[in-house]
Amino acid sequence: MSKRVQAKHKLDRRMGQNIWGRPKSPVNRREYGPGQHGQRRKGKMSDFGTQLRAKQKLKGYYGNITEKQFRRYYAEAIRLRGDSGENLIGLLERRLDAVVYRSKFVATPFAARQFVNHGHVKVNGRRVNIPSYQVKVGDLIEVKEASRQLEIVVVASQLSERDVPDYIEVDHQKMTARVTRIPGLSEVPYPVQMEPNLVVEFYSR
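Attention here is on the structure that accompanies the text. Values in this document were obtained by computation on a predicted structure and should not be read as measured data.

What counts as what
Residues numbered from 1 in each chain as written. Predicted model: local features only at pLDDT ≥ 70, side-chain atom pairs only at ≥ 80, totals over all residues. Heavy atoms only, no water. Salt bridge = Lys/Arg side-chain N within 4 Å of Asp/Glu carboxyl O. Helix = DSSP H or I, 4+ residues; strand = E, 2+ residues; numbered from the N terminus. Buried < 20%, exposed > 50% of the residue type's maximum accessible area, 1.4 Å probe, protein only. Core = buried A, V, L, I, M, F, W, Y, C linked by side-chain atoms within 4.5 Å. Domains from an automatic or database assignment. Pairing = 2+ DSSP bridges.

A few words on the pattern of salt bridges. Taken as a whole and judged by the stated rule, the model has six salt bridges. One salt bridge in this structure joins K55 and E67, with 2.8 Å as the shortest N-O distance. Of this pair, K55 sits in helix α2 (residues 47-61) while E67 sits in helix α3 (residues 67-79); the two residues are 12 residues apart in sequence, bridging distant segments of the chain. Here R148 ties to E142 by a salt bridge, and the two come within 3.4 Å at their closest N and O atoms. Like E142, R148 is buried.

Laid out in structure tokens, this is it:
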């Protein structure tokens, strides 16, 4: 299992953007990079730098995906028919931890990964503790009955800072969710602009 060793908000500072749209992000106070020369790092970026930044931002958004895992998603995205960038988003959004996060069962992508790892989630009646598990359209995702009154679940379902997207049907009374379709980039409620086409360009160099 991979682990984000660095502080989560360091990515926000490095990108100069509030990646997850969280109220506590340091970017809400300082819109420049970390370090002594953070305020002066505004030079023109090369094509490689722009592509690398797009990859780091998208990969970082989903919490703890390793470079090896992320490259695997790219390989699958270009294998599938259609636009590779859109395919990449569809694969990432069908990760079990991503669906748990989008369904507002927990507050952050990091909490979603841990929640799944600890066995609090079932898929079609069976316990699944693999965050990268690929959810299929129509699969029934549910929070285990014994876990439904956990504070993190109760608090997350009432958060007003984000809504459940249209491609997921959620019943917060029963703590169940279904992915109704594979989303396109324009449907995914990213707090910042994601550029999967640049990620595809980065790996296809």
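We now examine helix α6 (residues 109-117). Of the residues making up α6, those classed as buried are P109, F110, A112, R113, F115 and V116. Just past α6, the residue G119 takes up positive phi, approximately 80°.

Ranked by internal contacts, the top residues of the largest apolar core, which has 44 residues, are L58, Y62, L92, L96, V100, I141 and Y190. Both domains that meet at this core, namely domain 1 (3-36 + 43-92 + 190-204) and domain 2 (94-185), each give it at least three residues.

Overall, antiparallel pairing links the five strands, which are arranged β2-β1-β3-β5-β4 in an open sheet. Either end of the sheet is taken by a strand with one partner, and the two such strands are β2 (126-127) and β4 (168-171). The pairing of strand β1 (residues 121-123) with β2 spans two bridges and is classified as antiparallel. Residue K122 lies in a different strand from β2, and its bridge partner there is R127.

Both β4 and strand β5 (residues 176-179) contribute to a ladder of four bridges, which runs antiparallel. The residue bridging I168 from the neighbouring strand is V179, located in β5. Two successive antiparallel strands, β4 and β5, enclose a turn made up of four residues, where M175 displays a positive phi of approximately 55°.

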